[in-house]
Amino acid sequence: MVCLYLTNPVNLQFSQLGCHNQLVGTHYFWHSEDMEFSTLLNSYPGSYIVQSFSHSVITAFIVEIAIKAWGIRNPAVRQRFLLVIILFPIFSFPVYQIINPHRSSIYFRLNALLDSSRWLDMELWGVVPIRYGFLLMFFLTAVIFFFQELVPILRHTYESRGSEISGERAEEHPMMAQVLEDLPVEKADIFVLEDDDMVLFSTTGRKGSIYLSSGLLGILDREQVRAAVAHEFAHVMRSRRPFLVVMFLLRIVMFYNPVVLLEFRRIVQEDEKICDDFAVSLTRNPLALADALRKLYITDEEEKPGKPINIVNEMEDLELYSHRLNILSRITRLGKGYANTGDKGWFAIVLTLVVVLVMNYFIV
Amino acid sequence: MRGKILGFFAFSVGIGILVLGLKFLNWLPLMVQIDSMREYKDVEEVKGALQIKTIFIPSYFPQNLNWPPSKILAQGKPFLAVIMEFEKMTGKDTMLLISQSTSEDFFPEEKIKIIKVKESISYPVKGRDALLRVGLCQRNEPCSGISWKEGEYTIHVLIKSAPFELIKIAESMLR
């Protein structure tokens with residue numbers, strides 16, 4: 001006796017046809033490769049990929065509308081909104097399918113707000129199905145995620161294991177005593193590295209550490225160093241390592257999703273703004289931090305002669321340009337002195353979540 | 001508070017625009033792609049639009065069912081599929097569902113779903129090796145279904161009644 005579960009290419013649901021000795025066949029033959037690919041996209045994993053992508057696009061739109069409508073500028077609140085875009089599509093499809101197993105059926109699709117299969121089955125000039133374009137987009141996103149996020153993180157984790165950075169303790173450094181005045185020095189060990197390059201970073205752990213180079217101390221003035229160190233203090237004090245690890249693991253599930261790729265980067269940028277605000281709350285000098293950022297990251301980059309034009313260099317240039325834009329946006333923000341209202345935005349978040357949940361139910 | 005109310009208003013407007021945009025995006029492929037899954041008025045329209053030569057229609061039809069089909073859905077791509085629903089004379093309940101498709105996996109059974117299969121046997125329908133299933137649908141209604149391959153098509157016939165009428169209908173679909 002065999003219990004067969006056939007996946008239905010259009011209605012997607014798993015139909016139990018019963019337990020019996022023979023059925024329409026345990027092996028399927030396909031009329032064309034195209035039909036096979038269409039069936040693959042309409043299987044449960046295929047539907048998960050397609051619908052999680054659709055849900056993340058719609059959620060991104062809803063979140064953006066909410067941020068604009070309520071004029072949310074507080075980066076911590078914005079980050080909460082952006083988290084919805086990352087987390088929601090991970091669970092949306094399976095949860096909706098549990099709520100209504102017929103949700104992907106033809107009848108549901110005919111009355112849906114947006115039926116993604118209509119787009120996937122559409123053919124450009126009657127020849128190339130658009131689904132191949134989607135497949136290419138998912139593949140490229142997966143490649144970018146692998147090389148730009150996963151590999152660097154794994155490499156960094158591997159390289160930093162057991163390695164020790166030695167430097168002079170900041171308390172013993174003549175310039176640093178005044179810099180550290182009023183900063184929460186008990187929260188992190190601060191070291192000055194003998195290096196002519198501009199180096200500034202922090203590590204988190206049981207007790208965090210902040211490292212800055214002598215080159216940096218030579219270029220930034222006292223207030224700017226103080227602002228920069230305060231920013232690193234914020235990173236150390238905000239250290240939410242288990243939370244971030246869980247977040248990243250969840251983010252890996254969406255490795256193919258270009259919307260999640262972009263929004264995850266926005267979350268990281270918002271984190272920088274949160275640390276900027278924290279630094280300003282300690283130093284009361286936003287302009288010093290803005291100047292420090294300008295000196296650290298905004299250099300007059302000239303086109304390197306002889307640099308070959310290829311996709312890798314173009315990607316690098318694009319990445320640099322995007323980084324530069326982010327820094328400029330932080331500098332502008334610090335210059336304008338956006339005040340964080342006390343509003344945590346819970347009303348807006350709850351309402352947005354409700355709309356996200358209801359609307360995406362009708363996106364199949 | 002005023003800011004929240006204004007924000008709520010702006011949010012509602014934004015969501016309204018988004019819904020309209022999505023409705024447009026959902027409608028656009030139907031305009032561009034003629035063979036997407038959609039509803040048709042009658043069988044002849046399906047034949048003309050999708051260039052289908054044969055649509056299997058029963059010549060025997062139980063008296064308690066309405067003719068013509070209450071709903072006809074069909075698509076040409078990625079595979080050919082036609083669904084016909086028939087309601088009973090009195091009421092709006094779908095009593096009979098016939099589907100034919102070039103995909104073996106296509107099985108639109110939402111309207112008549114055999115939840116509890118009591119018996120599943122191989123049954124010959126005019127020389128074709130068919131699978132007959134008898135069981136219960138929702139609200140413990142007796143229902144039955146029969147499936148077989150007919151050339152390039154896989155045909156499913158589902159009815160909310162005992163299998164006697166079902167077999168008659170299935171046999172009347174074949175020469």
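### Remarks on the overall build of chain A
Here is step 1: Counting secondary structure elements, chain A contains 14 helices and eight strands.
Here is step 2: The burial tally for chain A puts 36% of its 364 residues in the buried class.
Here is step 3: A separation of at least 24 residues holds for 69% of the contacts in chain A among residues at least 6 apart in sequence.

### A word on the domain arrangement of chain B
The accessible area lost on association of the parts is a frequent measure of interface size.
Here is step 1: Taken domain by domain, chain B consists of domain 1 (1–32) and domain 2 (38–172).
Here is step 2: Distance between the C-alpha centres of domain 1 of chain B and domain 2 of chain B: 39 Å.

### Digging into the pairing of strand β4 (residues 94–101) of chain B
Residues and elements named next belong to chain B.
Here is step 1: Counting buried residues along β4, eight of its eight residues qualify, which places the element largely inside the surrounding structure.
Here is step 2: In the sheet, strand β3 (residues 81–87) pairs with β4 via seven bridges, with the strands oriented antiparallel. Bridged to M84 within β4 is I98.
Here is step 3: Where β3 folds back onto β4 in an antiparallel hairpin, the turn is made up of six residues, including G91, whose phi is positive at roughly 115°.
Here is step 4: Alignment of β4 against strand β8 (residues 153–159), held across six bridges, turns out to be antiparallel. When the sheet's bridge partners are listed, L96 is paired in β8 with I159.

### Quick look at the environment of I65 of chain A
Here is step 1: With respect to the helices and strands, the residue I65 of chain A is situated in helix α2 (residues 44–69).
Here is step 2: I65 of chain A sits in the buried class, given 21 other C-beta atoms within 10 Å.
Here is step 3: Residues I65 of chain A and T352 of chain A, spaced 287 residues apart in sequence, show a C-alpha to C-alpha distance of 9.2 Å.
Here is step 4: Not counting residues within four places of it along the chain, the set of residues in contact with I65 of chain A comprises F11, G14, I15 and L18 of chain B.

### Focus: the pairing of strand β6 (residues 188–193) of chain A
All names here are of chain A.
Here is step 1: Covered by surrounding structure in β6 are A188, I190 and V192 only, the residues D189, F191 and L193 on the alternate face being uncovered.
Here is step 2: Both strand β5 (residues 168–169) and β6 contribute to a ladder of two bridges, which runs antiparallel. Note that in β6 the partner of R169 across the bridge is F191.

### Observations concerning the packing of helix α9 (residues 222–237) of chain A against helix α12 (residues 286–297) of chain A
Residue and element names in this part refer to chain A.
Here is step 1: For the pair α9 and α12, interaxial distance at closest approach is 8 Å and the crossing angle is 90°. When the interaxial angle is binned, α9 and α12 end up roughly perpendicular. Residue-level inspection shows E223, Q224, R226, A227, A228 and H231 of α9 in contact with α12, the latter providing A288, L289, D291, A292 and K295.
Here is step 2: Here the contact of α9 with α12 is composed, by residue class, of five nonpolar, two polar and four charged.

### Focus on the sheet that holds β4 of chain B
Residues and elements named next belong to chain B.
Here is step 1: The strand order β1-β2-β3-β4-β8-β7-β6-β5 describes an open sheet built from eight strands, whose pairing is antiparallel. Both outer strands of the open sheet, β1 (38–40) and β5 (116–125), are each paired with one neighbouring strand and no more. Each adjacent strand pair in this sheet contributes to an overall mean axis angle of 20°, direction not counted.
Here is step 2: Pairing of β5 with strand β6 (residues 128–136), which is carried by nine bridges, proceeds in the antiparallel orientation. Residue pairing across strands places V125 opposite R128, the latter belonging to β6.

### Focus: the sheet that holds β5 of chain A
Residue and element names in this part refer to chain A.
Here is step 1: Read across the sheet, four strands follow the order β5-β6-β8-β7 without closing on themselves; strand pairing throughout is mixed. The strands lining the two open edges of the sheet, one partner per strand, are β5 and β7 (200–203).
Here is step 2: As paired elements, β6 and strand β8 (residues 208–213) share six bridges and run parallel to each other. Across the sheet, residue I190 finds its bridge partner in β8, namely I210.
Here is step 3: Contacting β6, β7 and β8, α9 runs over the sheet at an angle of about 155° to β8.

### Regarding the packing of helix α3 (residues 75–99) of chain A against helix α11 (residues 258–283) of chain A
Residues and elements named next belong to chain A.
Here is step 1: Contact geometry of α3 with α11 gives a least axis separation of 9 Å together with a crossing angle of 160°. Relative to α11, α3 is oriented roughly antiparallel. Crossing geometry of α3 relative to α11 is assigned as left-handed. Residues P75, A76, R78, Q79, L82, L83, I85 and I86 of α3 touch α11, and the partners they reach there are V259, V260, E263, F264, R266, I267, E270, D271, K273, I274 and D277.
Here is step 2: Residues that form the contact of α3 with α11 fall into these classes: eleven nonpolar, one polar and seven charged.

Criteria and thresholds
- Residues numbered from 1 in each chain as written.
- Chains lettered and ligands numbered in written order.
- Predicted model: local features only at pLDDT ≥ 70, side-chain atom pairs only at ≥ 80, totals over all residues.
- Helix = DSSP H or I, 4+ residues; strand = E, 2+ residues; numbered from the N terminus.
- Buried ≥ 20, exposed ≤ 12 C-beta atoms within 10 Å, placed from the backbone.
- Contact = placed C-beta atoms within 7 Å.
- Domains from an automatic or database assignment.
- Pairing = 2+ DSSP bridges.
- Axes fitted to C-alpha atoms, helices over the stretch in contact; angles between N-to-C directions.
- Parallel < 35°, antiparallel > 145°, perpendicular 65-115°, else oblique.
- Nonpolar A, V, L, I, M, F, W, Y, C, P; charged D, E, K, R; others polar.
- Left-handed = near helix turned anticlockwise from the far one by under 90°.

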